[in-house]
Amino acid sequence: MMGLIWFWLVAVMIVGYVVLDGFDLGVGVLHLFLVRTEAERRATLSSIGPVWDGNEVWLLAGGGTLYFAFPTLYASAFSGFYLPLMIVLWLLILRGVSVELRNHIEVGVWRSLLDGLFGVSSLLLTIFFGAALANVIRGVPLQADGYFFLPLWTNWKPGVHPGILDWYTVIGGLVALVALTLHGALWITIKTSNELCRRAQRIVTPLWFVLLALTIASLIATVNVRPQTLDNYFMHPFTFIIPVGVVASLAGVWIFNGKLQSIRAFLCSCLYLFFMLAGACWGLYPTLLPASTGPDRDITLSRALSGPHTLSVGLVWWTFGMLLAVGYFVFVYSRFKGKVDLQPGKH
Amino acid sequence: MSSELIHRLHFAFTITFHYLFPQLTMGLGLLIVILKSVALKKQSAEWNHAARFWGKIFAINFVFGVVTGIPMEFEFGTNWARFSNVSGGVIGQPLAMEGVFSFFLESAFLGLFLYGEKRISQTMHWFASLMVFLGSWISGFFIIVTDAWMQHPVAYERMADGKFEVLSFWQLLLNPWGLLQYAHNMTGAVVTGSFVMAAVGAFYLLEGRQIQYGRMFVKVGVIAGTVASIVIIFPTGDLHGKYVARHQPTAIAAMEGLFRSTSGAGIVLMGQPNEETGEIDNPLVVNNVLSFLIYGTTKAEVQGLDRVPREDWPNALPLLYYAYHIMAGLGTWFVLVMVVSAFLLWRGRLYSARWALWAVLLSFPLPYIANTAGWMTAELGRQPWLIYGLMRTSEGYSSTVSASNGLFTLIGFMGLYTLLGLLFTVLIYNEISHGPGERPAVKEAISAD
């Protein structure tokens, strides 16, 4: 029971992270292509300035929760994904520094450099996060002792000895890239006005078609690479509501964006991310990290779980702490609600 | 080089660099609340400008602290997987609580403090500064709880599969080791914050510009610095040292360079420990002081390194010894500088005493060195244990991550952090050159309708 609860709590934190940091990663990707003037760029970046750091905290809090609830999974996955995680760390460092410090620098060329760095690191991060999830779904070559070490790539095919990157995980990376860029575009439509807002709205259309194609491709590929994904669904057929939700929320994005109802379109995009991730989690459950070397080596829920006292005490403070955190988020987002101004400003 | 050494260096390097930033933000967080409180009480624009100026310095440090802090949370898993696997149920707890209770609070209210001043009342802005301060100190608390459990494991049991399980949540959080270490460490952060603030003030006064702010910063920095420099030695350092002596006698013996158990042990002020001969070379010793400091009597016996087998000695003994002596020596210097400055301040002579201002200015890097040396003392003193008495460091690192992969990413971090260090220096130089109150913040140029 504790295992079930903590599985979904960690999943909630991952969804929270993707939905929240997702839009500022998307804005990071988009601002490279979308903005034309310094004022527009500043407006775009101001739309995420006060919140991006808080969004990223979901990654840290989620990582910490994973660490204490499923230490075996944390230890195995983090050491096995050593190389890509180090790259992710470097990208997170470059991204955080570039977005925060551009406004402290007044030389145009350095600013442009930092803006470019922010865009490129955001783009690579979305791809890495998507590929990471795909790696978990596909499985990794776990040894008998529960550890593994993945090279960045091998023969680009999922199999017993895959690399971080193969054709399947690349699809995962692309889905994340496009989905989060779309998510970011919708955020910009909420937070900005005039020409910039309209441009963001127009870019949603092509992104939407690409995302639709990639979503279908990724679903087919997943069933192909790991047929057991469907077992849980057939065992509890009502859970097919999840893929239905994916389709419906994607349709919602299209409809509401067409009607210029930005907030609803953005919420549909949140739902899309939620259903995609929930679908992946449900397809895995109760496995946490499948082994490409044979199902008896899978890291399962029961194997990875912390002790009972740890988990029941954790439930108390986690609930309390996350209620507080949600409170802060509601408060901060309400303080910064509304559109950012495009005025050139005093400076 | 061995994998163990690479993984140790990996963690040591990244956390040493990381802690340069939080030690300032935690100290400065408190000082900003003080500035903001005075501003609110006096309804003073000047004190508000000062709070905003230090808010900017805080923000830059905060960003560097955040981005260099993320790797720390990852490295438990990437570089110390075997340790994380068995200890996650215990220390994963405070680490996750840090995220849930501190980072959310800190990031939310820092955004509000930096970007939201026009959207909220002054009281609310003061409240935001208080929450940022609290967030950073709560964060420090959970990290200390984590470290304290590795130093002095309490409230645990070992399950059948070898994993540690928490027996009492409150005993874990209120580990006496952790409480003492927390008091000592946070005072250290205030020392850094006050020295930096006083040094910036001294810089302005010596430059002859921003005079009113220069005086304000020197005043606040010196007052806070005097209190913190004393408190860091007595009672926090004293109590913490006594507790270490009781529970890690080997660490104390190595820190003090005490090779042989001695009654009426003296304190070594200077000298080089020689592991080969088991002697201190060229010693300068004050008799009986060590016994007195630890046990309150000059005659008590202090346990030396001869009581434990060689393989249980801290394995970087000279480094530990020097780190401890540097920390203690600098601590003495802090009291000297601050007490003299406080005296001059009281007599109304500090703002024109250029020699004293120079001493304050030149001292600002020293608290960074002292805090770093203090952490080295704590962590090297714990060796060769990863969890004291329970798990050796050699049993904890990720065995699947080869030494060469570890070296590759270590060098990567060194290169990246060199760049970050340069960038940081330029940005701080810029902010200090501009000074408080001269220009509107760039970010404020954009506001919502």
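Rules used in this analysis
- Residues numbered from 1 in each chain as written.
- Chains lettered and ligands numbered in written order.
- Predicted model: local features only at pLDDT ≥ 70, side-chain atom pairs only at ≥ 80, totals over all residues.
- Helix = DSSP H or I, 4+ residues; strand = E, 2+ residues; numbered from the N terminus.
- Rg over C-alpha atoms; globule rule 2.2 N^0.38 Å.
- Contact = placed C-beta atoms within 7 Å.
- pLDDT = per-residue confidence, 0-100.
- Nonpolar A, V, L, I, M, F, W, Y, C, P; charged D, E, K, R; others polar.
- Expected span 1.5 Å × (residues − 1).
- Buried ≥ 20, exposed ≤ 12 C-beta atoms within 10 Å, placed from the backbone.
- Axes fitted to C-alpha atoms, helices over the stretch in contact; angles between N-to-C directions.
- Parallel < 35°, antiparallel > 145°, perpendicular 65-115°, else oblique.
- Left-handed = near helix turned anticlockwise from the far one by under 90°.
- Pairing = 2+ DSSP bridges.

**Side note on the overall build of chain A**
Within chain A, the regular secondary structure consists of 13 helices and two strands. Taken over C-alpha atoms, the radius of gyration comes to 20 Å for chain A, in line with the 20 Å a tight globule of 347 residues would show. Along the longest, intermediate and shortest principal axes, the C-alpha atoms of chain A span 65 × 40 × 40 Å.

**Here we look at the overall build of chain B**
Along chain B, the regular secondary structure elements total 14 helices and eight strands. Against the 2.2 N^0.38 benchmark of 22 Å for 449 residues, chain B shows a C-alpha radius of gyration of 23 Å, consistent with a compact globule. Here the contacts in chain B between residues at least 6 apart in sequence split such that 74% fall between residues at least 24 apart.

**Let's talk about the confidence of the model for chain B**
Residue and element names in this part refer to chain B. Summarising the model, chain B shows a mean pLDDT of 91, and 97% of its residues fall at 70 or more. Scored below 50 in pLDDT, residues 440-449 shows 27 contacts in the model against residues more than four places distant or in partner chains. Two summary scores accompany this predicted model of the complex, namely pTM at 0.92 and ipTM at 0.90.

**Digging into the interface of chain A and chain B**
The partner chain B presents 63 residues to the 63 residues of chain A that form the contact. If one sorts the elements of the side of chain A that touches chain B by residue count, helix 13 (residues 308-335) of chain A sits on top with 13 residues. Classifying every residue of the side of chain A that touches chain B gives 34 nonpolar, 22 polar and seven charged.

**Remarks on unusual backbone geometry**
Phe234(B) connects to Pro235(B) through a cis peptide bond whose omega is 10°. Examined against the element boundaries, Pro235(B) turns out to sit in helix 8 (residues 211-247). Of note, the bond from Gln383(B) into Pro384(B) is cis; its omega dihedral lies within 30 degrees of zero at 5°. Mapping Pro384(B) onto the fold places it in the loop between helix 13 (366-382) and strand 7 (385-387). One non-glycine residue, Trp156(A), lies in positive phi territory at about 65°. On the secondary structure map, Trp156(A) appears in the loop between helix 6 (108-138) and helix 7 (167-191).

**Focus on helix 5 (residues 82-101) of chain A**
The terminal C-alpha atoms of helix 5 of chain A lie 29 Å apart, and with 20 residues this matches the ideal 28 Å at 1.5 Å per residue to within 8%. Of all 20 residues making up helix 5 of chain A, 14 are buried, and the element is well covered by its neighbours.

**Some points on the environment of Thr205(A)**
Along the chain, Thr205(A) turns up in helix 8 (residues 194-225). The partly exposed category is assigned to Thr205(A), around which 13 C-beta atoms lie within 10 Å.

**Concerning the packing of helix 1 (residues 2-34) of chain A against helix 7 of chain A**
When two helices pack together, their arrangement is given by the angle between the helix axes and by the axis-to-axis distance. Residues and elements named next belong to chain A. Helix 7 packs onto helix 1 with a crossing angle of 90° between their chain directions and a minimal axis gap of 7 Å. When the interaxial angle is binned, helix 1 and helix 7 end up roughly perpendicular. Counting all contacts with helix 1, which are made through Gly22, Phe23, Leu25, Gly26, Val27, Val29 and Leu30, the residues of helix 7 involved are Leu180, Thr181, Leu182, His183, Gly184, Ala185, Trp187 and Ile188. A class-by-class count of the residues in the contact of helix 1 with helix 7 yields 10 nonpolar, five polar and no charged.

**A few points about the packing of helix 2 (residues 22-42) of chain B against helix 5 (residues 122-151) of chain B**
Residues and elements named next belong to chain B. Put simply, helix 2 and helix 5 touch, their axes get as near as 9 Å, and they point 160° apart. It follows that helix 2 is roughly antiparallel to helix 5 by the angle criterion. Once helix 2 is placed against helix 5, the crossing between them reads as left-handed. Contacts between helix 2 and helix 5 involve Thr25, Met26, Gly29, Leu30, Ile32, Val33, Lys36, Ser37 and Leu40 from the first element and Gln122, Thr123, Trp126, Ser129, Leu130, Val132, Phe133, Ser136, Trp137 and Gly140 from the second.

**What about the environment of Ala278(A)?**
In this structure, Ala278(A) sits in helix 11 (residues 262-284). Separated by 31 residues in the primary sequence, Ala278(A) and His309(A) have C-alpha atoms spaced 27 Å apart.

**Focus: the pairing of strand 5 (residues 279-286) of chain B**
The two faces of the sheet receive side chains in turn, since in a regular strand these alternate between them. All names here are of chain B. Here strand 5 lies mainly on the outside; zero of its eight residues are buried. Bridging between strand 4 (residues 267-274) and strand 5 involves six bridges; their strand directions are antiparallel. Looking across to strand 5, one finds that Gln272 is bridged to Asp281. What sits between strand 4 and strand 5 in their antiparallel hairpin is a turn of four residues, with Gly278 showing a positive phi close to 70°.

**Quick notes on the environment of Thr226(B)**
All names here are of chain B. By the secondary structure assignment, Thr226 is in helix 8. Along the backbone, Thr226 and Leu319 are 93 residues apart, and their C-alpha atoms lie at a distance of 29 Å. Setting aside residues up to four positions removed in sequence, Thr226 forms contacts with Met338, Val339 and Ala342.

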